[in-house]
Amino acid sequence: MTTNISLERSSCFVSVVSVIENAEGIVEAFLADMQHHLDEHFTDYEIVLVDQCSTDATLENVDRAIKRIPSIRYIRLARPVYFDVALAAGMENAIGDFVVLFAPGQDPIDCVADLVEQSQAGSDIVVGTAEYAQSLGYRIVRPWLQWLLAMIGYDLPRNATNLRCLSRRAVNAVTQTGRFHHQFFVRIANTGYPSTAFDYVLLKKRQGRRTLPKAIRQGARLLVFNSTRPLRWMSGLG
């Protein structure tokens, strides 16, 4: 079978980092589709998979894919960790000029080349934004949560997802400080480098559904681990 390879492939090295867990049903198709997309648009690339201790046949499926698809790097964590910690582990091991943080089954593969092109145009950080399902409670409290997070410098575009594209200097700014495991996305936002939004459509809107309990947990975690302001507020109240 002849593969239709673009004659205008970019010479930059692109790393796609994805966190998976019990993904036996999608991982082989994801790797094949991602490899085909990257091969069409880039001369050099890698796919970095971070496995959150899958208990199904994910490992066996990845082993089969590695025999057919070049440039796969597989990292299996010793124990399950927060999603952003797993992403940080993958990004630390990525060697590309541009690193794309990608969610299999949720983000469309075709957007990777567009993300890199937008970053090459001068935005060291490209943040994905998409419409997603929201509970009523989440829609009510979201403005307040955004205000609180803005107080600690975590200012994101509306409807931001976890999809990101970072230039090498932005990656270095995030990783070289070392202690970022509880504040990964905050550190990305606070690198000081130019950033822009990338609007796209989720493959499954409900998969990214945001609810009030989830928003409160995430907001509290970001506030506690990334700022001394909650302590100051409590001291002032006392």
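Use the structure listed above.
Only a predicted model underlies this, so the values are computations on that prediction, with no experimental measurement involved.

Draft legend 1. The overall build of the protein chain, seen in detail. What the protein chain contains, in helices and strands, is nine helices and seven strands. Counting only residues that meet the buried cut, the protein chain has 47% of its 238 residues in that class. Partitioning the contacts of the protein chain with sequence separation of at least 6, the portion at a separation of at least 24 is 83%.

Draft legend 2. Just the packing of helix α1 (residues 27-41) against helix α2 (residues 58-68), in detail. One can describe the packing of α1 onto α2 by two numbers: an axis separation of 9 Å at closest approach and a directional angle of 25°. On the basis of the axis angle, α1 is roughly parallel to α2. As for the relative orientation of α1 and α2, their crossing is right-handed in sense. Together, Val27, Glu28 and Leu31 of α1 and Thr58, Asn61, Val62, Arg64, Ala65 and Arg68 of α2 make up the contact between the two elements. Here the residues of the contact of α1 with α2 are counted per class, giving four nonpolar, two polar and three charged.

Draft legend 3. A look at the side chain of Asn159. Looking at the element boundaries, Asn159 is found in the loop between α5 (136-151) and β6 (160-167). Taking the relative accessible area as the measure of exposure, Asn159 reaches 8% and is therefore buried. Among the polar contacts made by the side chain of Asn159, one reaches the side chain of Glu131 at a distance of 3.2 Å.

Draft legend 4. How the structure looks around α1. The end-to-end C-alpha distance of α1, which contains 15 residues, comes to 21 Å, matching closely the 21 Å that a straight helix rising 1.5 Å per residue would cover. Within the span of α1, buried status applies to Val27, Phe30, Leu31, Met34, Gln35, His37 and Leu38. For α1, the buried positions fall inside an angular range of 165° around the axis, keeping them on one side. Where α1 is buried, its residues contact β1 (10-20), β2 (42-51), α2, β3 (72-76) and α4 (111-120).

Criteria and cut-off values
- Residues numbered from 1 in each chain as written.
- Predicted model: local features only at pLDDT ≥ 70, side-chain atom pairs only at ≥ 80, totals over all residues.
- Heavy atoms only, no water.
- Helix = DSSP H or I, 4+ residues; strand = E, 2+ residues; numbered from the N terminus.
- Buried < 20%, exposed > 50% of the residue type's maximum accessible area, 1.4 Å probe, protein only.
- Contact = heavy atoms within 4.5 Å.
- Axes fitted to C-alpha atoms, helices over the stretch in contact; angles between N-to-C directions.
- Parallel < 35°, antiparallel > 145°, perpendicular 65-115°, else oblique.
- Left-handed = near helix turned anticlockwise from the far one by under 90°.
- Nonpolar A, V, L, I, M, F, W, Y, C, P; charged D, E, K, R; others polar.
- Polar contact = N/O pair within 3.5 Å; in protein donor to acceptor, adjacent residues only side chain to side chain.
- Expected span 1.5 Å × (residues − 1).
- Arc of directions from axis to C-beta.

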